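Chain and residue survey
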There are 2 protein chains.
Amino acid sequence: MTTESGETAPDEASGADDADDTEEYADLGATTADAMAIAETSMDRVRELVPDETLADRIRQKSVHATGDPEFQHLVRFTGERADEPVVAGARAVRAERPIVTDITMVKAGITGRGHDCPVRKAIGNGSELAERTGMTRTAASVLELDREGVYDDAVAVVGNAPTAALALADCIEDGTRPAVVVATPVGFVKAAESRQRLREVAASHGVPAITNVGRRGGSGLAAGLTNELVHVASDARDGTVQLP
Amino acid sequence: MTTESGETAPDEASGADDADDTEEYADLGATTADAMAIAETSMDRVRELVPDETLADRIRQKSVHATGDPEFQHLVRFTGERADEPVVAGARAVRAERPIVTDITMVKAGITGRGHDCPVRKAIGNGSELAERTGMTRTAASVLELDREGVYDDAVAVVGNAPTAALALADCIEDGTRPAVVVATPVGFVKAAESRQRLREVAASHGVPAITNVGRRGGSGLAAGLTNELVHVASDARDGTVQLP
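Please read all numbers here as calculations on a predicted model, not as lab measurements.

This part covers the sheet that holds strand β6 (residues 210-213) of chain B. Residue and element names in this part refer to chain B. Sheet architecture is open: six strands sit in the order β1-β6-β5-β4-β2-β3, paired in mixed fashion. The two strands at the open ends of the sheet, each matched to only one other strand, are β1 (76-79) and β3 (120-122). Here the strands of the sheet are splayed against their neighbours by 20° on average, with no regard to which way each runs. Two strands pair when backbone bridges link them, and strand β5 (residues 181-184) and β6 are joined in this way by three bridges, in the parallel orientation. For A184, the partnering residue across the bridge sits in β6 and is T212. Set on the sheet, helix α3 (residues 55-67) makes contact with β1 and β6; between it and β1 the angle comes to about 150°.

Put into C-alpha cells, the structure is as follows:
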C-alpha cells in the first residue's frame, strides 16, 4: 500500500507501456472505493505510531508507511537548519515544477504522476561511455553525466538504490552543484550507510537540504515514497491546508 | 545494491525510455569493475549471515540482500512439499520462458533483463472498467482481468506492492488458476500480512508453490530481488553449477 506510480512526465518519451501508468494504483492517489478505504485506514494506523505535528513528522510517517516498520521513524535524518527545512525545500521545488531526478528506473516508476507538473527523469542510461572508460558503476557515471549537463541544480535529487550514485552526487555538491533537496536512501551492506553519511556531511557543509536515513536499510520504495510525500506537502500548500514558512 | 533492472522483455512496447533500461546497473549483472567489486563484496557479507546450503537459502540470502536486514531471512516462507520446491518451480518456469507477471510498474522495472528470455508483464493498466464498476482497487481488477485472459497459468506471478492484488490472485487460484510459482511480498499495515497468509493457505491447498514473507514488511524491491534470484538459479542450472531435482 505504499508506493505510488504515475504517468510519465511530459518531457519523457512515452510509449504504450508508459501510457498505462496513468492507471496505476496509488495509496494517496487512490481512485476506487476499496483503494481509498485501504489508504485511509493505513495512514490512520501510521498516525497512531508516529507524531503528527511537523512537516518532518510527515516524512517520518511516510517512512513507516513505506517500510511497514514503526521503528523506521527513528532512522530518518534531516539535514538543514531545522528538521522541516528539507521538506519545505522539496515542496517548494515541486511547486516550482523543478525536475525530479532519480538514480534508476525502478525509483522513477514509483514517483506519483498526480499532484505535480515536475518532469521526472532517471540518471541511469546516461554516461555509459564514462563508465566503460573508467570502470566506475554505470549509476555513478550517469549522475556525473547529468550533472555535467546541469540537471541537478535546483532539482529534487533522489537516490534509492545505488550507493555509488549517492557518492557521485556528494562529489557533485562538493564541486558546486546545488540541488533544491536531496532524498537518498540506498540500501545494503557495502557503502550504503557510508554513502548517506557522506551525503549528509557534504550537504550540511554546502547548505543543501537533505532527507536520508541511517543504517543498512532503505531502498527504491522508500525513496519513491518520501519523494511522493514532498509532492503531497506541495499539494497541501497549494490547497492552503499547509503553510510553507 | 539490491535491486536490478534490465531491458524490457521483447513482447513489450518499447519506447526510447525502455531502451535506456539496457544500461541499468544491476548487482549480479554488474558490468563495470566498480559495480562487480561492490556486488561481490555485498554477497560475501550476506553469505556470512545466512546459511548457504540449499536453494531456499539462496532466496533467504536475497531477502537479506534486498532489505539490508539480516533478520529478514527468518521472515521468508516457502509453500511446497519442501522449502526448495518453489525455487525449483520458479527456475524451471524461467528456463521454460514463461511470463513473469508483476502487479505494478515499479516491480516490473526491478526485474532483471539479463539471464532469461521470459516476457515481463505488469497487471496494472488492465481491468480499469471492472475497477470503476465495482469499486475494487485497480490492481485487484487488473489481476482478475489478466487471469480471465489466462495469463497467470504456468506464469511466475509476482506481487510486490498491493495486498488486494495478492488477495485477487488467491481468489484466482481457488477458482482453478495454476501459476508455476507465486512470489508475494506486499508491504504495509492494512491487509498486507493477511493477504500473504491467505495466499499461503490457498497455494498449499491447491499445490501451487509460493515464496512469501510474514509480518508487515516487504515491498517492490524485495519482490523484484527474489524473482531475480529465481532467474539466477535458472542461469546456474543452465551452466550446470546447480542441479534442479
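Time to look at the side chain of A:N213. Residue and element names in this part refer to chain A. Position of N213 relative to the elements: it lies in strand β6 (residues 210-213). Owing to a relative accessible area of 1%, N213 belongs among the buried residues under this scheme. A distance of 2.9 Å separates a polar side-chain atom of N213 from the backbone oxygen of R217.

Residue and element names in this part refer to chain A. Structurally, the position occupied by H65 is in helix α3 (residues 55-67). Using a relative accessible area of 1% as the deciding quantity, one classes H65 as buried. Taking the C-alpha atoms as reference, H65 lies 9.6 Å from R47; in sequence the two are 18 residues apart.

Before going further, it helps to examine helix α2 (residues 33-49) of chain B. Residues separated by three or four positions in an α-helix point in the same direction, a consequence of the helix having 3.6 residues per turn. Relative to the 24 Å expected for 17 residues at 1.5 Å per residue, α2(B) spans 25 Å between its end C-alpha atoms, a close match to the ideal helical length. Where α2(B) is buried, its residues touch α8 (163-174) of chain A together with α3 of chain B.

Here we come to the confidence of the model for chain A. Mean pLDDT over chain A: 88, with 87% of residues reaching 70 or higher. Residue range residues 1-29 of chain A is modelled with pLDDT below 50. Its contacts to residues more than four positions away, or to other chains, number 107 contacts.

Residue and element names in this part refer to chain A. On the basis of which strands lie adjacent, the open sheet formed by six strands has the order β1-β6-β5-β4-β2-β3 and mixed pairing. Two strands bound the open sheet, and with one partner strand each, they are β1 (76-79) and β3 (120-122). Between one strand axis and the next, the sheet turns through 20° on average, direction left out of account. Sheet analysis places strand β4 (residues 156-159) next to strand β5 (residues 181-184), joined by four bridges and oriented parallel. In the strand pairing of β5, V156 is matched with V181.

This part is about the packing of α3(B) against helix α10 (residues 220-239) of chain B. Residues and elements named next belong to chain B. Running from N to C, α3 and α10 cross one another at 140°; their axes reach a closest spacing of 9 Å. Classified by the angle their axes make, α3 and α10 are oblique. Seen along the crossing, α3 lies across α10 with a hand that is right-handed. Counted together, L55, R58, I59, K62, S63, A66 and T67 of α3 and G221, L222, G225, L226, E229, L230, H232, V233 and D236 of α10 form the full contact between these two elements. For the contact of α3 with α10, the class distribution of residues is seven nonpolar, five polar and four charged.

Turning next to the environment of A:D103. All names here are of chain A. The topology assignment puts D103 in the loop between β2 (100-102) and α5 (105-110). Expressed as a C-alpha distance, the spacing of D103 and E71, which sit 32 residues apart in the sequence, is 26 Å. Not counting residues within four places of it along the chain, the set of residues in contact with D103 comprises K122, A123, I124, T139, V158, V159, G160, N161, A162 and A165. Here the side chain of D103 touches N161 through a polar contact of 2.8 Å, landing on its backbone nitrogen.

With that out of the way, let us pick up the packing of helix α8 (residues 163-174) of chain B against helix α9 (residues 192-206) of chain B. Think of two packed helices as two axes; the pair is described by the angle between the axes and how far apart they sit. All names here are of chain B. One way to put it is that α8 packs onto α9 with a least axis distance of 9 Å and a crossing angle of 15°. With respect to their mutual orientation, α8 and α9 come out roughly parallel. Handedness of the crossing formed by α8 with α9: left-handed. Of the residues in α9, those in contact with P163, A166, L167, L169, A170, D171, I173 and E174 of α8 are A192, S195, R198, L199, V202 and H206. For the contact of α8 with α9, the class distribution of residues is nine nonpolar, two polar and three charged.

Attention shifts here to unusual backbone geometry. Residue and element names in this part refer to chain A. Unusually for a residue other than glycine, E97 sits at a positive phi of about 55°. Tracing the sequence through the fold places E97 in the loop between α4 (85-95) and β2. Residue D154 is not a glycine yet carries a positive backbone phi of 65°. Note that D154 resides in the loop between α7 (138-148) and β4.

Residues and elements named next belong to chain A. For the coordinates displayed, the defined rule picks out 18 salt bridges over all chains. We note a salt bridge from R47 to D44, for which the minimum N-O separation is 3.3 Å. Of this pair, R47 and D44 both sit in helix α2 (residues 33-49), three residues apart, roughly one helical turn. For R47, a relative accessible area of 37% gives the class partly exposed. R198 is the salt-bridge partner of D171, the closest N and O atoms lying 2.5 Å from each other. With a gap of 27 residues between them, D171 in helix α8 and R198 in helix α9 (residues 192-206) connect regions that are remote in the sequence.

Thresholds applied
Residues numbered from 1 in each chain as written. Chains lettered and ligands numbered in written order. Predicted model: local features only at pLDDT ≥ 70, side-chain atom pairs only at ≥ 80, totals over all residues. Heavy atoms only, no water. Pairing = 2+ DSSP bridges. Helix = DSSP H or I, 4+ residues; strand = E, 2+ residues; numbered from the N terminus. Axes fitted to C-alpha atoms, helices over the stretch in contact; angles between N-to-C directions. Contact = heavy atoms within 4.5 Å. Buried < 20%, exposed > 50% of the residue type's maximum accessible area, 1.4 Å probe, protein only. Polar contact = N/O pair within 3.5 Å; in protein donor to acceptor, adjacent residues only side chain to side chain. Expected span 1.5 Å × (residues − 1). pLDDT = per-residue confidence, 0-100. Parallel < 35°, antiparallel > 145°, perpendicular 65-115°, else oblique. Left-handed = near helix turned anticlockwise from the far one by under 90°. Nonpolar A, V, L, I, M, F, W, Y, C, P; charged D, E, K, R; others polar. Salt bridge = Lys/Arg side-chain N within 4 Å of Asp/Glu carboxyl O.

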